[in-house]
Amino acid sequence: ELSTTESAGKKTQASWLITVQDKAERLLKVLPERVKPLVGNENSNNDPIFRFLLREVAVANKLLNKVRDDLKQLILMSKGEGKSTNELRDIAKNIFNDSVPKSWQIYATLELNVTEWILDFKNRINQLNKITQSPDFGRSGLWIGGLIFPEAYLTATRQSVAQELKVSLDELMLSVELIKNITSVDKTCFVLKGLCIEGAEWSYDENKLIMTDSLFSQLPPFLLKWSVKKNANMKNIF
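An account of the accompanying structure is given in this report. Just so it is clear, the model here is predicted, and its values are computed rather than measured. (Residues numbered from 1 in each chain as written. Predicted model: local features only at pLDDT ≥ 70, side-chain atom pairs only at ≥ 80, totals over all residues. Heavy atoms only, no water.)

Here's the deal with the packing of aromatic side chains
Quick note on the threshold: Here the aromatic set is Phe, Tyr and Trp, taking the six-membered ring for Trp, and pairing holds for ring centres within 6.5 Å; pairs whose planes are under 30 degrees apart are stacked, those over 60 apart are edge-to-face, and all others are tilted. The helix count covers DSSP runs of H or I at least four residues long, the strand count covers runs of E at least two residues long, and both are numbered beginning at the N terminus. Accessible area is worked out with a 1.4 Å probe on protein chains only. A residue is then buried under 20% of its type maximum, exposed over 50%, and partly exposed in between. Criterion for a charge above a ring: Lys NZ or Arg CZ within 6 Å of the ring centre, and within 35 degrees of the ring normal.
By the definition in use, this model includes 8 aromatic pairs. Ring geometry for F50 and F137: centres 5.6 Å apart, planes at 50°, overall tilted. Here F50, found in helix α2 (residues 48–79), pairs with F137, found in the loop between α4 (114–132) and β1 (142–143); they are 87 residues apart in sequence, far enough to count as distant. Ring geometry for Y153 versus F190: centroids 6.4 Å apart, planes at 80°, classification edge-to-face. Placement of the pair is Y153 in helix α5 (residues 150–165) and F190 in strand β3 (residues 189–193), with a sequence separation of 37 residues. You'll find Y153 and F190 in the same group, each marked buried. These aromatic residues form a ring-pair network of at least three members: W104, Y107, W117 and F121. We note R55 situated over the ring of F149; from NZ or CZ to the ring centre the distance is 3.8 Å.

Listed below in structure tokens is the structure:
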């Protein structure tokens, strides 16, 4: 027979595992099952945006598969039906303590608990699934903060415009245009959304930033534009 201490210990352990199992099941239900494959054509591999998305999809899909598999293994382990490993036990402790496992943290985010992180990850996958099926690959509206590699996306937009205008990367300059109603974009522009301004807000009437008492204000969609520098083609006459 078990001693009183041993019995209490097993009950505590069972309660702990039940909590982990329940939470893992709820988190698993939130996540999409897959990242949709990127749809292109025979010329897509020459498109810098398409090449960027290939990498984004591959990394996101790998992470999604890992997170889903970890949660499934946690559920089995909690039921006593799966193998327990050091990594799984560490992840179980994270889930129990509402923290994000280190092996999932492959991109920068705010300080989020594991539930918030899963919801954020779901939104990123959902956006990626829309972009991969979009004919313009998100040019007409993209949440840049929802990308795994936002800096690489900016590089890809620059390469895309340089290719379109047949100029070198050094000849291009970046600008941002805040337009109240964006109706259409050309091949030098990209519509971004989901950004905020801290300590200020944009006045469309005055076309400038104005101070505000709010900690931050949400920006509506705006244009990211690459254009040729005015002196880019001037020859040095000295």
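Concerning the environment of K130
With respect to the secondary-structure elements, K130 resides in helix α4. On a C-alpha basis, the gap between K130 and C189 in space is 19 Å, while along the polypeptide they are 59 residues apart.

Considerations on the environment of A152
To be explicit about the condition: Contacts: residue pairs with any heavy atoms within 4.5 Å of one another.
In this fold, A152 is placed in helix α5. Taking relative accessible area as the criterion, A152 reaches 25% and is therefore assigned partly exposed. Distance from A152 to E56, taken between C-alpha atoms, is 9.5 Å for residues 96 residues apart in sequence. Beyond its immediate stretch of four places on either side in the chain, A152 contacts F52 and R55.

A short note on unusual backbone geometry
Located in the positive-phi region is F137, a residue other than glycine, with phi close to 55°. Given the relative accessible area of 9%, F137 is considered buried. Phi at K166 is positive, roughly 60°, even though this residue is not glycine. With respect to the helices and strands, the residue K166 is situated in the loop between α5 and β2 (172–177).

Re the pairing of β3
Stated precisely, the cut-off is as follows: Two strands qualify as a pair provided DSSP detects at least 2 bridges between them.
A large share of β3 lies buried, amounting to 4 of its 5 residues. Of the strand pairs in this sheet, β1 and β3 are connected by 2 bridges, and their pairing is parallel. Paired with W143 across the two strands is K193, which belongs to β3. As judged from the 4 bridges shared by β3 and strand β6 (residues 222–228), these two strands associate in the antiparallel manner. Across the sheet, residue F190 finds its bridge partner in β6, namely L224.

With respect to α5
Quick reminder of the rule: Working rule for helices: expected span equals 1.5 Å times residues minus one.
With 16 residues, α5 should cover 22 Å at 1.5 Å per step; its first-to-last C-alpha distance of 23 Å lies within 8% of that length. Those residues of α5 lying buried are Y153, A156, T157, S160, V161 and A162. Taken together, the buried residues of α5 touch α2, β1, β2, β3 and β6. Two residues or fewer past α5, K166 is found with a positive phi of approximately 60°.

Structural notes on the pattern of salt bridges
To keep things clear, this is the line we draw: What counts as a salt bridge is simple: a side-chain nitrogen of Lys or Arg found within 4 Å of a carboxyl oxygen of Asp or Glu.
According to the stated counting rule, one finds 5 salt bridges in the structure shown. The salt bridge involving D70 is made with K66; its shortest N-O contact spans 3.0 Å. With D70 and K66 both in helix α2 and 4 residues apart, this pair spans about one turn of that helix. When salt bridges that share partners are traced, they join K66, D70 and E87 into one network.

Details of the sheet that holds β2
Across the sheet, 4 strands lie side by side as β1-β3-β6-β2; this open sheet has mixed pairing. The two strands at the open ends of the sheet, each matched to only one other strand, are β1 and β2. Note: β2 against β6, 6 bridges, orientation antiparallel. Bridging across to β6, L172 finds its partner in V228.

A short note on the packing of α2 against helix α3 (residues 86–96)
Basically, it comes down to this: Angular values range over 0 to 180 degrees, each being the angle between N-to-C directions of two axes fitted as lines to C-alpha atoms, with helices fitted over their stretch in contact. Any angle from 65 to 115 degrees is called roughly perpendicular, while one under 35 is roughly parallel, one over 145 is roughly antiparallel, and all others are oblique.
Orientation of α2 relative to α3, taken along the N-to-C sense of each, is 90°, at an axis distance of 10 Å. Accordingly, the angle class assigned to the pair α2 and α3 is roughly perpendicular. Contacts between α2 and α3 involve K66, D70, L71, Q73, L74 and M77 from the former and E87, L88, I91, A92 and I95 from the latter.

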